[in-house]
Amino acid sequence: MLRAFRSAENPTQWALEFIRLAMLLLCLVGWVMYPVELLLLDHWTESWQSKIPFFVAVPGFVLTLWVLFDRKTPWVRWAFILTMWASVLTGVLGAYFHVLWNFEGEVSWEFEAAMEAVAGSRPVLAALAFTHMGVTGLLAIYRAR
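Quick caveat, the model's predicted, so the values are computed rather than measured.

Once that is clear, we can look at the UniProt feature "transmembrane region" (unreviewed entry) in the chain. In the numbering adopted here, UniProt assigns the feature "transmembrane region" (unreviewed entry) to residues 21–40, 52–69, 81–103 and 123–142. Structurally, residues 52–69 is divided into 100% helix and 0% strand, and its ends, taken at the C-alpha atoms, are 27 Å apart. Helix makes up 90% of residues 123–142 and strand makes up 0%, while its end C-alpha atoms are separated by 30 Å.

If you want it as structure tokens, here you go:
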């Protein structure tokens, strides 16, 4: 990304590479800050599922940093794309399980009950932060050469 940004030949190409670089840097900061937030919130429970965000964050950070300097190596590019899709899936599944956990008993998908579960004690939108980082990473590398 950095090499493409520095070698942009016209204003349009420069703007596109600047946007890609900004998105990738936002993604990189997210890979550091969201796991730190999870550690501060003591997101560790007895189940292994509570550790999945940490397992996704480590390769997410490493590959995002790598793509920042080298986006042309094919295996790095594919590993980055797969990790971003894993992040999207982690966020969606995390939000779903947070909603289920917030039902606290009988699951009812009626509108009022579902809205109460979404606004419950386990933050549904927090899990979707991983979806946001995955989508941001995918958009940053989309059609980049």
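Back to the text.
Moving on, we come to the side chain of His98. In this structure, His98 sits in helix α4 (residues 74–103). The buried category is assigned to His98, whose relative accessible area is 17%. Beyond its immediate chain neighbours, meaning those up to four positions away, His98 contacts His43, Arg122, Pro123, Val124 and Ala127.

Attention now goes to the nonpolar core. Of all hydrophobic cores here, the largest spans 24 residues; its most connected members are Met1, Leu24, Trp31, Val67 and Phe80. Elements represented by at least two residues in this core include exactly α2 (11–40), α3 (52–69), α4 and α6 (124–141). The greatest single-element share of this core, amounting to seven residues, is contributed by α2. Val67 has contacts with Met1, Leu24, Val76, Phe80 and Ile141, leaving out every residue within four places of it along the chain. Among the nonpolar cores identified, the runner-up in size contains six residues, and Ala95, Val99, Val124 and Ala127 belong to it.

Here we come to the packing of α4 against helix α5 (residues 111–118). The interhelical angle for the contact between α4 and α5, taken along N-to-C directions, is 110°, at an axis separation of 8 Å. Compared by their axis directions, α4 and α5 come out roughly perpendicular. Facing α4, whose interface residues are Val99, Asn102 and Phe103, α5 presents Ala113, Ala114, Ala117 and Val118.

Further remarks concern the side chain of Thr83. Inspection of the secondary structure assignment puts Thr83 in helix α4. Residue Thr83 is classed as buried on the basis of its relative accessible area of 11%.

Moving on to the pattern of salt bridges. Evaluation of the coordinates by the stated rule reveals two salt bridges. In this structure, the salt-bridge partner of Glu17 is Arg20, at a minimum N-O distance of 3.1 Å. Taken together, the positions of Glu17 and Arg20, both in helix α2 and three residues apart, correspond to about one turn of that helix. Taken individually, Glu17 and Arg20 each receive the classification buried, so the pair is uniform in this respect. Notably, a salt bridge pairs Arg71 with Glu17, separated by 3.0 Å at the nearest N-O pair.

Quick notes on the rules
Residues numbered from 1 in each chain as written. Predicted model: local features only at pLDDT ≥ 70, side-chain atom pairs only at ≥ 80, totals over all residues. Heavy atoms only, no water. UniProt positions renumbered as here; feature names shortened; annotations may be inferred. Helix = DSSP H or I, 4+ residues; strand = E, 2+ residues; numbered from the N terminus. Buried < 20%, exposed > 50% of the residue type's maximum accessible area, 1.4 Å probe, protein only. Contact = heavy atoms within 4.5 Å. Core = buried A, V, L, I, M, F, W, Y, C linked by side-chain atoms within 4.5 Å. Axes fitted to C-alpha atoms, helices over the stretch in contact; angles between N-to-C directions. Parallel < 35°, antiparallel > 145°, perpendicular 65-115°, else oblique. Salt bridge = Lys/Arg side-chain N within 4 Å of Asp/Glu carboxyl O.

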